[in-house]
Amino acid sequence: MTAPRIGNAQSAINKLRQQELDSRRQATTILQPSEVSGGLSPARMLTTTLGGTARPITPKDLAQWRLAVQKLGAKAQQGLSAREALSLSTAASVERAKKEISFSLPVRLQAGKLHLVTDSGPQSKVTRHHVHLEFAQYSAALARPGTPAQAAQWLCKESPLKFECDCGHFRYFLRYVASAGGWVAGRYEGGLPKLTNPTLDGAACKHLIRVLTDLQSSVGLRQRIAKMVEADRELINRPGRAKPRAILVAQAEAERMLPKHSRRIVVPSNAPRHATLVPKVASADVRAAMAAFRGKTDANSIAVMRALQALAAHTGGGGAA
Ligand SMILES: [Zn+2]
């Protein structure tokens, strides 16, 4: 297991972002929000490669998915804490992170924003991935009383984060979820790629899972964050001065911060926010209620019936969360 290189990380990510934007502009496979919210006509039936076998995405899939994102979004407009993001990630992503992604290294810290790199999985065409984190309440951390070390501790362990990764999993799926949920860093993605599993598929890719794990326990990283807080607090006291100081980490310095073995990934079981995202309604109950209102012609009953029919459409599948 070798640590990824951090040299050139800044220019590399800038280039990758430009490439992504270029390809995004030419893409014909991006589903616009209006298509998700409206009913899809059968002619526009989409296909997906769910579980390796192609099957059509149904309007029900999309409606269910949109509902799940909406509910999630209302709870997390201001970002997700590291623990929350981990608890919202799928078991498959967590397994992959445990097996394949060993280390993260900080590259650059400035004004509450962090650039880190991780190693990549064995199937990957690249040797490293770029993760960006933003402390959504960084100004609150600067303003609150306490030492820079205490502020850093709070930022790492409890404060809400916005994040992004340059990998395909994040690019093609999670960026849309993160944009809808309000925790995306960088580019806002308003369109859902068509060839993706339309169920709510977690918040973090395997690289983010590694970074969010290390963020909570790396002493070296916390020390750099404290340094950033200290520098930015000084700026507040001297307004009108230069822009926020950037803290750059050299390869040797970053490698000294690495633990001997990669840190154990622990997914908090006491924060299963996704468990409450989609209320479970027994389809038998919905059918019984529909039977009670069927045939009634007053306006109220018709409205109730309509609501029940919408509910029935959502309870058929396995639940979007
Ligand atoms: Zn990733």
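The structure displayed is predicted, hence computed values, not measured ones.

Conventions we followed
- Residues numbered from 1 in each chain as written.
- Predicted model: local features only at pLDDT ≥ 70, side-chain atom pairs only at ≥ 80, totals over all residues.
- Heavy atoms only, no water.
- Helix = DSSP H or I, 4+ residues; strand = E, 2+ residues; numbered from the N terminus.
- Contact = heavy atoms within 4.5 Å.
- Areas by Shrake-Rupley, 256 points an atom, 1.4 Å probe, with all protein chains shown as cover.
- Salt bridge = Lys/Arg side-chain N within 4 Å of Asp/Glu carboxyl O.
- Buried < 20%, exposed > 50% of the residue type's maximum accessible area, 1.4 Å probe, protein only.
- pLDDT = per-residue confidence, 0-100.
- Donors = N, O, S within 2.8 Å, 3.2 Å for Na, K, Ca; no water.
- Tetrahedral: all angles 85-135°; square planar, octahedral: opposite > 155°, others 65-115°.
- Phe/Tyr/Trp six-rings, centres within 6.5 Å; stacked < 30°, edge-to-face > 60°.
- Lys NZ or Arg CZ within 6 Å of the ring centre and 35° of its normal.
- Pairing = 2+ DSSP bridges.
- Axes fitted to C-alpha atoms, helices over the stretch in contact; angles between N-to-C directions.
- Core = buried A, V, L, I, M, F, W, Y, C linked by side-chain atoms within 4.5 Å.
- Expected span 1.5 Å × (residues − 1).
- Polar contact = N/O pair within 3.5 Å; in protein donor to acceptor, adjacent residues only side chain to side chain.

Chemist: Looking at this structure, I do not really get the overall build of the protein chain. What am I missing?
Modeler: The secondary structure content of the protein chain amounts to 13 helices and nine strands. Of all intrachain contacts in the protein chain linking residues separated by at least 6 positions in sequence, the fraction that spans at least 24 positions is 71%. Summing over all exposed atoms, the protein chain offers an accessible surface of approximately 16300 Å²; the carbon and sulfur share of this is 54%.

Chemist: What is the right way to look at the pattern of salt bridges in this model?
Modeler: Any two side chains of opposite charge can pair, so long as their charged atoms come close to each other. All chains considered together, the criterion is met by eleven salt bridges. Here Arg175 makes a salt bridge to Glu164, at a shortest N to O gap of 2.6 Å. In this pair, Arg175 sits in helix H8 (residues 168–181) while Glu164 sits in strand S7 (residues 161–165), placing the two residues eleven residues apart along the sequence. Accessibility classification places Arg175 together with Glu164 in one group, the buried group. Among the charged side chains, a salt-bridge network with shared partners connects Arg17, Glu20, Glu164, Arg175 and Arg187.

Chemist: Mind showing me how you'd approach the confidence of the model for the protein chain here?
Modeler: Predicted confidence across the protein chain gives a mean pLDDT of 77, with 71% of residues reaching 70 or more. For residues 31–57, every residue scores under 50 in pLDDT, and the model assigns this stretch 48 contacts once sequence neighbours within four places are set aside. The low-confidence segment residues 271–280, where pLDDT is below 50, has 18 contacts with residues more than four positions distant or belonging to other chains.

Chemist: I keep staring at the coordination of the zinc ion and nothing clicks. Help me out?
Modeler: When four donors bind a metal tetrahedrally, each ideal donor-metal-donor angle is 109.5 degrees, and when six bind octahedrally, the ideal angles are 90 or 180 degrees. Bound to the zinc ion on the protein side are Cys165 (SG), Cys167 (SG), Cys205 (SG) and His207 (ND1), at distances that span 2.2 to 2.3 Å. Geometry at the zinc ion is tetrahedral, judged from its four donor atoms and the angles of 105 to 113 degrees they form at the metal.

Chemist: Where do I start with the packing of aromatic side chains in this structure?
Modeler: Ring pairs (aromatic) are described by centroid distance and by the angle formed between their planes. Applying the stated criterion to the full structure yields zero aromatic pairs. Here the basic side chain of Arg144 rests over the ring of Trp154, its NZ or CZ set 4.5 Å away from the ring centre.

Chemist: Is there a simple way to think about the pairing of S7 in this case?
Modeler: A regular strand places its side chains so that they alternate between the two faces of the sheet. Burial analysis of S7 places four of its five residues in the buried class, the great majority of the element. Looking at chain direction, strand S6 (residues 128–135) and S7 are connected through five bridges and run antiparallel. Bridged to Leu133 within S7 is Phe163.

Chemist: It is not clear to me how the pairing of strand S4 (residues 104–110) should be interpreted in this structure. Could you clarify?
Modeler: Counting buried residues along S4, six of its seven residues qualify, which places the element largely inside the surrounding structure. As paired strands, S4 and strand S9 (residues 246–248) are joined by three bridges and run antiparallel to one another. The partner of Arg108 across the bridge, within S9, is Leu248.

Chemist: Please explain the sheet that holds S4 as it appears in this structure.
Modeler: Backbone hydrogen bonds are what pair the strands of a sheet, in a parallel or an antiparallel way. The strand order across the open sheet formed by five strands is S7-S6-S5-S4-S9, and the pairing between neighbours is antiparallel. What marks the edges here is a single partner per strand, and that holds for S7 and S9. Strand-to-strand twist in this sheet, taken as the mean axis angle between neighbours without regard to direction, amounts to 20 degrees. Sheet topology note: the strand S5 (residues 113–119)/S6 ladder contains seven bridges and is antiparallel. Paired with His115 across the strands is His132, a residue of S6.

Chemist: What is the right way to look at the nonpolar core in this model?
Modeler: Considering soluble globular proteins, one finds that nonpolar side chains tend to be buried as a cluster. Counting 58 residues, the largest nonpolar core has Leu114, Leu133, Phe163, Leu215 and Ile225 as the members making the most contacts within it. In contact with Leu114, other than residues within four places in its own chain, are Arg108, Leu109, Val131, His132, Leu133, Phe135, Leu215, Leu221, Ile225 and Met228.

Chemist: Before we go on, may I ask you to explain the environment of Pro268 in this structure?
Modeler: By secondary structure assignment, the location of Pro268 is in the loop between helix H11 (251–256) and helix H12 (283–293). Once the C-alpha coordinates of Pro268 and Arg83 are considered, the two residues, 185 residues apart in sequence, prove to be 6.5 Å apart. Sequence-distant contacts of Pro268, that is, excluding residues within four places in its chain, are made with Arg83, Leu86 and Ser87.

Chemist: Got a minute to help me understand helix H10 (residues 219–237) in this structure?
Modeler: The α-helix winds at 3.6 residues per turn, so residues separated by three or four positions along the chain end up facing the same way. Compared with an ideal rise of 1.5 Å per residue, which puts 19 residues at 27 Å, H10 spans 27 Å between its outermost C-alpha atoms and is within 8% of the ideal. Within H10, the full set of buried residues consists of Gly220, Leu221, Arg222, Arg224, Ile225, Ala226, Met228, Val229, Ala231, Asp232, Arg233 and Leu235. Between the side-chain oxygen of the N-cap and the backbone nitrogen of Leu221 there are 3.0 Å, and the N-cap of H10 in question is Ser218.

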